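Coordinate analysis (summary)
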Amino acid sequence: MITVKSPAKLNLILKITGKRPDGYHSIETIMQEIALSDTLEINSNQEGKLNLILEGIKIPGTIQDNLVYKAAQLFFTKTKITLENNGINLKLKKMIPCGSGMGGGSSNAVATLLGLNHYFNMPLTKDQLIELAGSLGSDTVFFLIGGRCHCSGRGEVVNRLENNETTSVLLFVPNFSISTAQVFKNFTLTKQADPKTNPYYLNDLESAAFKVSPELFKIKNTLKELTLLDWSLTGSGSTYFCMLPSQDKFKSIAEIVNKNLSGQLILTSFQYKGCHV
């Protein structure tokens, strides 16, 4: 059996720079890997089939819609490995909330490609893995590299940044998800704030996310009032995050936030491993 860790990410900065001919938006973003992770277990079966078992947080959609299943199909197509004599069970233990802006689905897809590549003795090169990952989503390539990266294009052009901060991070995940497609549909490209004035707390999609979910605006203001900390939206939402000066403050912050807001408060930290076996 092979076990693969599939971490979440935060967008420390997210700028939308234009609309591309292919319909996607051009972005400039600093992505940061965090310790919050899903786990993917890969094992054989005698049925000659591809099976996906889901545990933990419920994932919407069918098994066939899941990016783990799609990534596995893509792997077998690319490598021409047949399932007839190589049946595979994939068990995903889900801890990263869906529709939260933390890239859980993309990370799971990369974990699947990486794990199957290890399981079958490395039939794909790193460049081939990057190509396959890029075909499955805009932020997938990041999870092959991990750590802190500057990402551009539609998110697939990834450059690692030298950094080893082990900053503690507080996440607030509301009891609802937000559709990325709907956020981009409500986004209007205008001149945005200069990231130099507020280097960790800039997200051009935030105003569009407020249009999709006005409740999100109330949540941000409440978090700031309750904690006196700066909170930023990651991705298209719905998760807010802030840097925590000291873990000693977590208990008191958790008590006051949990009394006033419905959602999940998670203490995590930066890490620099990417998806890994």
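See above for the structure.
Our subject in this report is the structure included herewith.

Rules of the game
Residues numbered from 1 in each chain as written. Predicted model: local features only at pLDDT ≥ 70, side-chain atom pairs only at ≥ 80, totals over all residues. Heavy atoms only, no water. Buried < 20%, exposed > 50% of the residue type's maximum accessible area, 1.4 Å probe, protein only. Helix = DSSP H or I, 4+ residues; strand = E, 2+ residues; numbered from the N terminus. Pairing = 2+ DSSP bridges.

Some words on the pairing of strand S5 (residues 148–152)
Looking down a regular strand, the side chains alternate between one sheet face and the other. Among the five residues of S5, four are classified as buried, and the element is accordingly described as predominantly covered. Sheet topology note: the strand S2 (residues 25–45)/S5 ladder contains four bridges and is antiparallel. Bridging from a neighbouring strand, Ile-30 pairs with His-150 of S5. The pairing of S5 with strand S6 (residues 157–161) spans five bridges and is classified as antiparallel.

Structural notes on unusual backbone geometry
Generally, phi is negative for residues other than glycine and the peptide bonds are trans, each holding for most cases. Note the cis peptide between Gly-237 and Ser-238, where omega equals 20 degrees. Position of Ser-238 among the secondary structure elements: in the loop between strand S9 (232–233) and strand S10 (240–243). Look at Asn-121: it is not a glycine, yet its phi comes out positive at around 60 degrees. Residue position: Asn-121 is located in the loop between helix H2 (104–119) and helix H3 (126–136). Classification of Asn-121 by relative accessible area gives exposed; the value is 67%. Backbone geometry places Leu-228, a non-glycine residue, at a positive phi of 60 degrees. Structurally, Leu-228 is set in the loop between helix H7 (214–227) and S9.

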